[in-house]
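# Structure at a glance
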Amino acid sequence: MSSIDITDVVSPRGAPQGSRTVLQRSMEFITRHRVAAVIALLVLLPWLVPYEALAVNILIFGLFAVGFNLLFGYTGLLSFGHAALFGSGSYGAGIAIVHFGWPWWLAIPAGVTLASLVGLVIGYLAIRSRGIYFSMVTLALAQCVYFAFYKAGRYTGGEDGLRGITVDVINVFGWRLDFLHPTTKYFVLLVFVAAALWFISRVLASPFGAVIEGIRENERRAAACGYDVAATKLIAFVISAAVCGLAGTLRALHLSTVPIESLHYLTSGHVVMMSLLGGMGTFFGPFVGAAFVLLIEEFATNFTKYWQLLVGLVFVVFVLFFPRGIWGSILHWLGRR
Amino acid sequence: MSEINVILMQMVTGVSLGSLYVLLAIGLSLIFGMLTVVNFAHGAYFMVGAYAGVYTYTLTGNFWVSLVATPLVAGALGLLAARLLIRPLYGRGIDYPLLLTFGLSYVMIDTIRALFGIEGLPTSTPAALRGAVNIGIGHFPLYRLFLVAVTAAIVVVLWLFIEKTRYGLIIRAGVRNPEIVRVLGVDISRIWLLVFGLGCAIAGLSGALIAPIRAVTPEMGISVLVESFVVTVVGGMGSLPGAVTAGLLVGIVYSMTSLYAPDLAELSIFVLMAIVLLVRPQGFFGRAGLMA
């Protein structure tokens, strides 16, 4: 898996400024300030898409894909079980509010904690199996989580999903915000997404970020350099779980219900598609992919029942011809000129 | 019926359920052992096989004809996918064929929905195989015994094919070292295509075999895919004896748990997989470090 990162875009140090186009220089600027650039785009998003509910979905699934991409794009581990982490984030927050009457600001860490714990168990088991088994084991364990939540109907509502997660007013130090207002809700959720993006960017820029990319490129060599590959993978898995869990908690607050489908295999598949279509191993890619997939679904459902056929075909074409994804291909194309 | 007979009957039920897993895991293992491709569309081929079986059965009125036609249809579809979609990905990393077959399964499921509707098809057991027979410990459905017999026959034929024929020799050599096989003048990529087709044909046949006793819906392949992954992890990827042992074991564990704790039946096979991963990560018959 080849990575596309800043080095692909920046020309060698000392190269004459004139040899770069304006486009390339602006891309460099965006790449250097990647968190700010994504947040700036997300602030404008509600006015760029047809309606706000879609913007909220892009925000939430974009964050989900960012968390997934940390593992898939940067560490090189293809998990097919991330719905379990997303879903346990949702259920964790939902159960905290519905059954324990916790306030929303305590429910969010509760969801993230549950998702991280589930991630710790799945990650520990999945990392024991090497290489290609990883995708199969994560898928199987996620299915196990699905059944566990399905059967625990007393807490999770079983087949009907968990209902009644009502958060109508958000009180920030005496400043009351109407959470039912779509735009207000979007910006409240954006605060959490922005914090998570900053965190992920910090992780990627840290020595730890370099180690996970090293593992992706050559696992044996990373081990030979003295890095504990298994422990590093597990930490990456848990960080990924926490971020995906956060996306899940935000979705629970947004929908005020948790559908059981959040834990389904197809939800895991969804995030795989978003990451690959957007561009794995890139910082913007997951949001581009989430927006792309959700927009296809949005428009395809207007004229056909069989939108999955369309999404599947697009995905197959990308795997065959554009494995870098949309954003990755743009970066590659700019870097080559 | 005495307690011991109940347990024995449940064991037999487990074996008949396990025989389905055996068939699916064999196809999956065969494809992986040869091409190092994890076929995420395996469940979709199983589902297409079930539809093809029911369709040809209602069309011809002959169950046996449908059992011959189905593997041909599924195998042809498998060859097509291998030639057009998977071949261009040779040498591009192990994740790409996996992702591709995952996308392919979306396409196949929705195509079946478009052709046959989202409701699923009604099915019936062929007249000759209805009813139950006394197997000494109680009456057992004849069709389920038939399933076990067919699975055993397929396993034996496949084993003979791989161990005793020229083609089997090439396949075994190709698993060991494709480079050398190519140097010896064998067009290995053609063998890869055939093996992929064969794996899909077996998946399709198991779909047609299970159709009379399960709901035939476009989504029927999804849970089956997960279950066959569990079997493969438990048995060890790329191993025929592993697929057989693990398939039967998973079937028996499932049916024994549903006897004593019905609520935990679905979870039990995952617990089994977790234990195997903790104790023997490469599976019963897997070689350590094979997938490293």
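Structure first, text after, so check above.
Note that this is a predicted model, so its numbers are computed, not measured.

Conventions and cut-offs
Residues numbered from 1 in each chain as written. Chains lettered and ligands numbered in written order. Predicted model: local features only at pLDDT ≥ 70, side-chain atom pairs only at ≥ 80, totals over all residues. Helix = DSSP H or I, 4+ residues; strand = E, 2+ residues; numbered from the N terminus. Rg over C-alpha atoms; globule rule 2.2 N^0.38 Å. Buried ≥ 20, exposed ≤ 12 C-beta atoms within 10 Å, placed from the backbone. Contact = placed C-beta atoms within 7 Å. Nonpolar A, V, L, I, M, F, W, Y, C, P; charged D, E, K, R; others polar. Axes fitted to C-alpha atoms, helices over the stretch in contact; angles between N-to-C directions. Left-handed = near helix turned anticlockwise from the far one by under 90°. Core = buried A, V, L, I, M, F, W, Y, C linked by C-beta atoms within 7 Å. Arc of directions from axis to C-beta. Pairing = 2+ DSSP bridges. Parallel < 35°, antiparallel > 145°, perpendicular 65-115°, else oblique.

A few words on the overall build of chain B. Tallying secondary structure elements over chain B gives 11 helices and two strands in all. Secondary structure of chain B in N-to-C order comes out as α-α-α-α-β-β-α-α-α-α-α-α-α. A compact globule built from 292 residues would reach a C-alpha radius of gyration of about 19 Å, and chain B, at 19 Å, matches this within 12%. For chain B, the spread of C-alpha atoms along the three principal axes comes to 65 × 50 × 35 Å. In chain B, which comprises 292 residues, the share counted as buried stands at 50%. Within chain B, contacts between residues at least 6 apart in sequence are counted, and of these 75% link residues at least 24 apart.

Before going further, it helps to examine the overall build of chain A. What chain A contains, in helices and strands, is 16 helices and two strands. Summarising its shape, the C-alpha atoms of chain A cover approximately 65 × 45 × 45 Å along the three principal directions. Counting only residues that meet the buried cut, chain A has 49% of its 337 residues in that class. When contacts within chain A are restricted to residue pairs at least 6 apart in sequence, long-range pairs at least 24 apart make up 73% of them.

A few words on the environment of I180 of chain B. Mapped onto the fold, I180 of chain B is located in helix α7 (residues 178-183). In the structure, I180 of chain B is positioned 32 residues away from P212 of chain B in sequence and 45 Å away in space, judged by C-alpha atoms.

Between chain B and chain A, the contact holds 37 residues from the first and 34 residues from the second. For the side of chain B that touches chain A, the secondary-structure elements that each account for two or more residues are α4 (95-116), α9 (220-235) and α11 (265-279) of chain B. Counting residues per element, the side of chain B that touches chain A draws most heavily on α4 of chain B, which supplies 15 residues. Split into classes, the residues belonging to the side of chain B that touches chain A amount to 28 nonpolar, four polar and five charged.

Another aspect to go through is the environment of S29 of chain B. Residues and elements named next belong to chain B. Mapped onto the fold, S29 is located in helix α1 (residues 3-35). The sequence separation of S29 and G235 amounts to 206 residues, and the corresponding C-alpha distance is 9.8 Å. Discounting residues that sit within four places of it in the chain, S29 has contacts with T232, M237, G238, S239, L240 and A243.

Our next topic: the packing of helix α5 (residues 83-98) of chain A against helix α6 (residues 104-128) of chain A. Residues and elements named next belong to chain A. α6 packs onto α5 with a crossing angle of 145 degrees between their chain directions and a minimal axis gap of 7 Å. Crossing of α5 against α6: the hand is right-handed. Residue classes in the contact of α5 with α6 are distributed as 15 nonpolar, seven polar and no charged.

L59, A140, L141 and V243 of chain A together with V230 and M273 of chain B are the most contacted members of the largest nonpolar core, which totals 201 residues. Those residues in contact with M273 of chain B that lie beyond four places of it in its chain are A140 of chain A together with V230, V233 and V234 of chain B.

Another aspect to go through is helix α10 (residues 207-217) of chain A. Residues and elements named next belong to chain A. Looking at α10, one finds that the buried residues are I212, I215 and R216. End-on view of α10: buried residues confined to an arc of 105 degrees, all on one side of the axis. Facing away from the buried side of α10 by more than 90 degrees, the exposed set consists of P207 and A210. The inward-facing, buried residues of α10 abut α4 (52-74), α11 (219-224) and α12 (229-255).

All names here are of chain A. For strand β1 (residues 169-172) and strand β2 (residues 175-178), the ladder comprises four bridges, and the chain directions are antiparallel. Counterpart to V169 in the pairing with β2 is D178. Connecting β1 to the next strand, β2, in antiparallel fashion are two residues, including F173 with a positive phi near 50 degrees.

Before going further, it helps to spend a moment on the packing of α10 of chain A against α12 of chain A. All names here are of chain A. Relative to each other, α10 and α12 sit at 115 degrees, their axes nearing to 10 Å. Regarding the angle of α10 to α12, the classification is roughly perpendicular. The two elements α10 and α12 cross, and the hand of that crossing is left-handed. Along the contact surface, α10 presents V211, I212 and I215, while α12 presents V229, T232, K233 and A236. In the contact of α10 with α12, the residues fall into five nonpolar, one polar and one charged.

Without other data, these values stay purely geometric and don't point to any function.
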